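Coordinate inspection notes
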Number of protein chains: 2
Amino acid sequence: MAEVSDAVLTRVDQDLNESLERLFAFLRIPSISAQPDHAQACRLAAQWLCTELSALGFDATIRETPGHPMVVGHDRPEEAQGLHVLFYGHYDVQPTDPLSLWKSDPFAPSLVTGPDGRQVIVARGASDDKGQLMTFIEACRAWRAVHGTLPVRVSVLIEGEEESGGANLMPFLKANADELEADVALICDTGMPDRRTPAITTSLRGLVGEEVTIECATHDLHSGMFGNAARNPIELLCQALGSVRDSEGRVTLPGFYDGVIVPSDSVRDQWRAIFPDDSLTLGPVGLSRAAGEAGFTAVEQIWARPSYEINGISGGYEGDGFKTVLPAKAMAKVSFRLVPGQDPEAVRAAFRAHVRNAMPDDARVTFSEHGASSGFAVPENGPLLKTALDALGKEWGVPAVSIGCGGSIPVVAEVKEALDMDSLLIGFAQDDDRIHSPNEQYGVESFHKGIRSWVRILSAFSQL
Amino acid sequence: MAEVSDAVLTRVDQDLNESLERLFAFLRIPSISAQPDHAQACRLAAQWLCTELSALGFDATIRETPGHPMVVGHDRPEEAQGLHVLFYGHYDVQPTDPLSLWKSDPFAPSLVTGPDGRQVIVARGASDDKGQLMTFIEACRAWRAVHGTLPVRVSVLIEGEEESGGANLMPFLKANADELEADVALICDTGMPDRRTPAITTSLRGLVGEEVTIECATHDLHSGMFGNAARNPIELLCQALGSVRDSEGRVTLPGFYDGVIVPSDSVRDQWRAIFPDDSLTLGPVGLSRAAGEAGFTAVEQIWARPSYEINGISGGYEGDGFKTVLPAKAMAKVSFRLVPGQDPEAVRAAFRAHVRNAMPDDARVTFSEHGASSGFAVPENGPLLKTALDALGKEWGVPAVSIGCGGSIPVVAEVKEALDMDSLLIGFAQDDDRIHSPNEQYGVESFHKGIRSWVRILSAFSQL
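Residues numbered from 1 in each chain as written. Chains lettered and ligands numbered in written order. Predicted model: local features only at pLDDT ≥ 70, side-chain atom pairs only at ≥ 80, totals over all residues. Heavy atoms only, no water.

Counting its secondary structure elements, chain A contains 15 helices and 18 strands. Its C-alpha atoms give chain A a radius of gyration of 24 Å, near enough to 23 Å, the size a compact globule of 464 residues would have. Out of the 464 residues in chain A, the part that is buried amounts to 64%. Put simply, of all contacts in chain A between residues at least 6 apart along the chain, 79% involve residues at least 24 apart. When the accessible surface of chain A is split by element, carbon and sulfur atoms take 50% of a total near 16400 Å². (Helix = DSSP H or I, 4+ residues; strand = E, 2+ residues; numbered from the N terminus. Rg over C-alpha atoms; globule rule 2.2 N^0.38 Å. Buried < 20%, exposed > 50% of the residue type's maximum accessible area, 1.4 Å probe, protein only. Contact = heavy atoms within 4.5 Å. Areas by Shrake-Rupley, 256 points an atom, 1.4 Å probe, with all protein chains shown as cover.)

Below, the structure written as structure tokens:
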């Protein structure tokens, strides 16, 4: 079978410029799912994908939801034998603010060569997730071009609300469970621990999002007329949010660490071999010391420990100059990243109790939810995982490793619950891809070797 | 002399509607000094005043500064004998945000009758300070209309940067000391302790304003990729600002209370007679318990104790929905109200040291100043003070009292330093005037009896 995939790999190399052109066309569509005025662009991205998949021989359709539409495609739907994979990606992207920090239009993709000679694709969604999902579609294209068919049975599901809550995915999976069920889900939305080491992500953090608003006086006051005697909601917010972690970086909410499993020494040794020094993790973003719990490396803090973050805060006068206002109200957006074993609703309840307990008379606090998902660990001993790791190692010339991920990819838990399927998280992003930030990028090597990696993985799967 | 002022008071009553119309014209000018795009409106307000004063026989001029212009006017400049008063006010107003909370256009003044039958003027600046300063100008107008002259020698100085730092006032006073020197400054920018009791404010708090910015990573990060290991500047800001006061409301900065004088028991008794219960102070703004230091009433906390306030805070994602950003930067605006005896620069230094000490590695903190002024106490035993208190008592039918003020009126200290003059702070604002807040108002009675009060005070001064 080696020669079968070799021809496909050659085809991938020859077609790279055309593959990039197709990706650029996709990146030009400003499919920001969180912003209602971009709904039409989201639909356009779905239609673009549907057209591409149809051209590749998939039976592809746009599927309506209460939000942005899904794209579903099936290859070889008539044949029931052989391994069946369900590939998942998302066509929606994050908002672009602050726009002033972008060096070029977020939706005018360009190739940029860095000082180290490395070529990157710059655009919103270049990495997360348009560039990544296109590695799989381009691998399918090359297989079909060379052999007229794919080596295993493939279904594709691309959603459009991953960056904005994804409330419609779970109902869609449940409503279409018979159609979407396969042997394994392949998800391309994760990264590599460095430039050279391929990886499969076997643990993910969940997320609890909360918005908290504190109100005191009935209206904004003059700090000269009331300062000292009237409660200041910004100060109360600072006191409540500033005391969630202690000076050692440990979250003080009662029960917060209940159920958290510390990674085994062997896993920690493997990770420390990849990241012998925190500066490898933090240096690229201008930091030098891990901020979280003492006793864990930066990578362990991100991959295996729960976090507490203040994602936004607002209150009083934020403009130029100064205003001696004693504001009536202050607001913050807060999130916890959860590891397997933690109960999202228990964490939410503990946070709310902490804030409420910090409130004196005359302060009214209200909360609103922004999603909840559990941390998730993918079984580490399945034959598909081992086969995929081997195939990745062959492409990159370095043994592939199992790593954790500090982010939340709710689809993994949802696919498990709705379809009873495990997922393999295989991606080619780099930590400096600046996803969710201005000047998002994706390495041309990530894209090129990503496509080649999928060619090898599908080939190896066909021999199981 | 009684009949002399009686005729003027009658004239004030007869001319009230026209006085209100003139005030409304002044209120329509959006002279927000803090916002650069309102510079032309500030100049327009100065020109409007200059025209009014000239029409009243003042030798009035617009005087340029590096910021917004001053208005200076002199009546009877040729006659050197008799008492000479320098009246001070400011034509600039606070910004109007949040605009959505205004029930009407802040610069379209209207008369509104409340449920208690009380009539108020609603507009930005209605009370602070356009309505207040016009009480004096209208009193001068009535004197001149009846007698063709004013009873004492009057100079007027109206500035345009009181709400935005006022950095140009002190140099102006010093550069024009000979021209501006008088026997006493009359300042109309304070209030009454309740609806019926006239008052002269004999102590003021100073102000130290600071803006603090904390920066960590070089750019905004994804909280999934870095959360727990990368410093969060919002959390650091909350920890630093949330620990300036202890749980008893006491500021913990070293040396903060050095030099602070506790008011005498007799003064505290007088204040407690006016405000026997904190609910009188706090109830109108929806609060019930004094938030500051234990052992002081709300009024004592405001009039005689220094304060710490967070006036604004900003960082990360503040819009609708949720964004899992780990921001690179967070900012807050902070102020301290100071009582006589405290050193503004020592307070600023102690605050900066507190914030710097709270910063771990990887956090860069920068500060910028937003003004500094000392607290100030006006001598309580001068003959002008007694005369003015008596005149006020006659107008309102209730003995006038000496009170404190929690606000900062830097001009008092600056007039003392630059011109070696004491000030009398006489104003007619009410605590529910909502100054600096949406729906600012000024009672028609404050305006009417304010004009009449100045008529009586000028008359009494002419008999000294």
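Let's shift gears to the UniProt feature "domain: Peptidase M20 dimerisation" (unreviewed entry) in chain A. With numbering aligned to this structure, UniProt lists the feature "domain: Peptidase M20 dimerisation" (unreviewed entry) at residues 203-362 of chain A. Along residues 203-362 of chain A, the helical share is 31% and the strand share 22%, with 44 Å between the first and last C-alpha atoms. (UniProt positions renumbered as here; feature names shortened; annotations may be inferred.)

Here we take up the relation of the copies chain B and chain A. Overlaying chain B on chain A yields an RMSD of 0.6 Å, the required transformation being a rotation through 179° with an accompanying axial translation of 0.4 Å. Read as a symmetry element, the transformation amounts to a two-fold axis. Most of the interface of chain B is mirrored in chain A, where 99% of its interface residues again form contacts. (Least-squares fit on C-alpha atoms with pLDDT ≥ 70 in both.)

On to the pattern of salt bridges, then. A full pass over the atoms with the stated rule returns 58 salt bridges over all chains. In this structure, E345 of chain A and R348 of chain A form a salt bridge, with 3.0 Å as the shortest nitrogen-oxygen distance. Taken together, the positions of E345 of chain A and R348 of chain A, both in helix α12 (residues 344-358) and three residues apart, correspond to about one turn of that helix. What makes E345 of chain A partly exposed here is its relative accessible area of 39%. Look at R348 of chain A and you get buried, because its relative accessible area is 3%. Put simply, R352 of chain B and E210 of chain B hold a salt bridge, and the shortest N to O gap is 2.6 Å. Here the residue R352 of chain B occupies a position in helix α12 (residues 344-358), and E210 of chain B occupies one in strand β9 (residues 206-215), the gap between them amounting to 142 residues. An identical accessibility class is assigned to R352 of chain B and E210 of chain B; each is buried. One salt-bridge network, in which partners are shared between bridges, spans D13, E395, K449, R452 and R456 of chain A. (Salt bridge = Lys/Arg side-chain N within 4 Å of Asp/Glu carboxyl O.)

Taken together, the contact between chain B and chain A spans 88 residues of the former and 87 residues of the latter. With both chains or domains summed, chain B and chain A bury close to 7600 Å², and 52% of this area falls on carbon and sulfur atoms. The interface formed by chain B and chain A includes six salt bridges. The tally of links from chain B across to chain A stands at 51 residue pairs in polar contact (both at pLDDT 80 or more). Looking at the side of chain B that touches chain A, the element that brings in the most residues is strand β11 (residues 307-316) of chain B, giving ten residues. A breakdown of the residues in the side of chain B that touches chain A according to their chemical character gives 33 nonpolar, 33 polar and 22 charged. For strand β11 (residues 307-316) of chain A and β11 of chain B, the ladder comprises five bridges, and the chain directions are antiparallel. Within β11 of chain B, the residue paired with S314 of chain A across the bridge is S314 of chain B. (Buried area = accessible area lost by both parts, 1.4 Å probe. Polar contact = N/O pair within 3.5 Å; in protein donor to acceptor, adjacent residues only side chain to side chain. Nonpolar A, V, L, I, M, F, W, Y, C, P; charged D, E, K, R; others polar. Pairing = 2+ DSSP bridges.)

Looking now at the domain arrangement of chain A. Residues and elements named next belong to chain A. Each domain of chain A was delimited in the assignment, giving domain 1 (2-203 + 375-462) and domain 2 (206-260 + 306-373). Using C-alpha coordinates to define each centre, domain 1 is positioned 36 Å away from domain 2. In this assembly, six residues from domain 1 lie in contact with seven residues from domain 2. Roughly 470 Å² of surface becomes buried between domain 1 and domain 2 when both sides are summed, with 53% attributable to carbon and sulfur atoms. (Domains from an automatic or database assignment.)

Residues and elements named next belong to chain A. Reading across the sheet, the three strands line up as β4-β5-β18 and stay open at both edges, with antiparallel pairing between neighbours. Each edge of the sheet is formed by a strand with only one pairing partner; in this case those strands are β4 (110-113) and β18 (441-443). Neighbour-to-neighbour, the strand axes of this sheet turn through a mean angle of 35°, independent of strand direction. The pairing of β4 with strand β5 (residues 119-122) spans four bridges and is classified as antiparallel. Counterpart to L111 in the pairing with β5 is I121. On top of the sheet, helix α2 (residues 16-27) reaches β4 and β5; it is set at about 30° to β5, its chief contact. (Axes fitted to C-alpha atoms, helices over the stretch in contact; angles between N-to-C directions.)

Right, let's get into helix α8 (residues 233-242) of chain A. Among the ten residues of α8 of chain A, nine are classified as buried, and the element is accordingly described as predominantly covered. For α8 of chain A, the full list of buried residues reads P233, I234, E235, L236, L237, C238, A240, L241 and G242 of chain A. The inward-facing, buried residues of α8 of chain A abut β9 (206-215), β11, β13 (329-338) and α12 of chain A together with α8 (233-241) and β11 of chain B. The N-cap of α8 of chain A, judged by a side-chain oxygen 2.9 Å from the amide nitrogen of I234 of chain A a few residues on, is N232 of chain A.

Residues and elements named next belong to chain B. Relative to the 21 Å expected for 15 residues at 1.5 Å per residue, α12 spans 22 Å between its end C-alpha atoms, a close match to the ideal helical length. Along α12, the residues classified as buried are P344, V347, R348, A350, F351, R352, H354 and V355. Contacts from the buried residues of α12 go to β9, α8, β13 (329-338) and β14 (364-373). Of the residues flanking the start of α12, the one acting as N-cap is D343, its side-chain oxygen 3.0 Å from the backbone nitrogen of E345. (Expected span 1.5 Å × (residues − 1).)

In this description, an aromatic ring pair is defined by two values, namely the gap between the centres and the angle between the planes. Tallied over the entire structure, the rule returns 26 aromatic pairs over all chains. A ring pair is formed by F275 of chain B and W303 of chain B, whose centres lie 5.9 Å apart and whose planes are at 80°; its orientation type is edge-to-face. Residue F275 of chain B is located in the loop between α9 (265-274) and α10 (278-282), and its partner W303 of chain B is located in helix α11 (residues 298-304); the two are separated by 28 residues in the primary sequence. Here F275 of chain B matches W303 of chain B in class, with each residue buried. Here the aromatic rings of F428 of chain B and W454 of chain B are separated by 6.3 Å at their centres, their planes lie at 90°, and the arrangement is edge-to-face. Residue F428 of chain B is found in the loop between β17 (423-426) and β18 (441-443), and its partner W454 of chain B is found in helix α15 (residues 444-462); the two are separated by 26 residues along the sequence. When its relative accessible area of 1% is taken as the criterion, F428 of chain B is described as buried. Aromatic ring contacts, followed pair by pair, group F256, Y257, Y308, F336, F351 and F367 of chain A into a single cluster. R250 of chain A extends its terminal NZ or CZ atom over the ring of Y257 of chain A, reaching a point 4.1 Å from the ring centre. When the ring centre of W396 of chain A is taken as reference, the NZ or CZ atom of K449 of chain A above it lies at 5.1 Å. (Phe/Tyr/Trp six-rings, centres within 6.5 Å; stacked < 30°, edge-to-face > 60°. Lys NZ or Arg CZ within 6 Å of the ring centre and 35° of its normal.)

So, about the sheet that holds strand β5 (residues 119-122) of chain B. Residues and elements named next belong to chain B. Reading across from one edge, β4-β5-β18 is the order of the three strands in this open sheet, with antiparallel pairing throughout. The outermost strands of the open sheet, each flanked by one partner alone, are β4 (110-113) and β18. Averaged over neighbouring strand pairs, the angle between their axes works out to 35° when direction is ignored. Helix α2 (residues 16-27) contacts β4 and β5 of the sheet and is inclined by roughly 30° relative to β5.

What follows covers the nonpolar core. Of all hydrophobic cores here, the largest spans 107 residues; its most connected members are L241, F336 and F351 of chain A together with F336 of chain B. Excluding its chain neighbours within four sequence positions, the residues that come into contact with L241 of chain A are Y308, I310, I313, A332, V334 and F351 of chain A together with C238 of chain B. Residues A45, L49, M134 and I200 of chain B belong to the second largest nonpolar core, which totals 69 residues. (Core = buried A, V, L, I, M, F, W, Y, C linked by side-chain atoms within 4.5 Å.)

Residue and element names in this part refer to chain B. The turn linking β4 back onto β5 is made up of five residues, and G117 within it adopts a positive phi angle of 85°. Taken together, the three bridges between β5 and β18 define a ladder with antiparallel strand orientation. Considered in β18, the bridge of V122 is made with Q441.

Checked against the element boundaries, Q40 of chain A lands in helix α3 (residues 39-55). Remark: the alpha-carbon pair of Q40 of chain A and G443 of chain A, spanning 403 residues in sequence, is separated by 29 Å.

All names here are of chain A. Tracing the backbone through its elements, the reader meets R118 in the loop between β4 and β5. For R118, which is buried and forms no salt bridge, the nearest opposite charge comes from D432, at a distance of 4.4 Å. Apart from residues lying up to four places away in sequence, R118 is in contact with V112, T113, R195, Q430, D432, Q441, G443 and S446. (Lys, Arg positive; Asp, Glu negative; His and termini not counted.)

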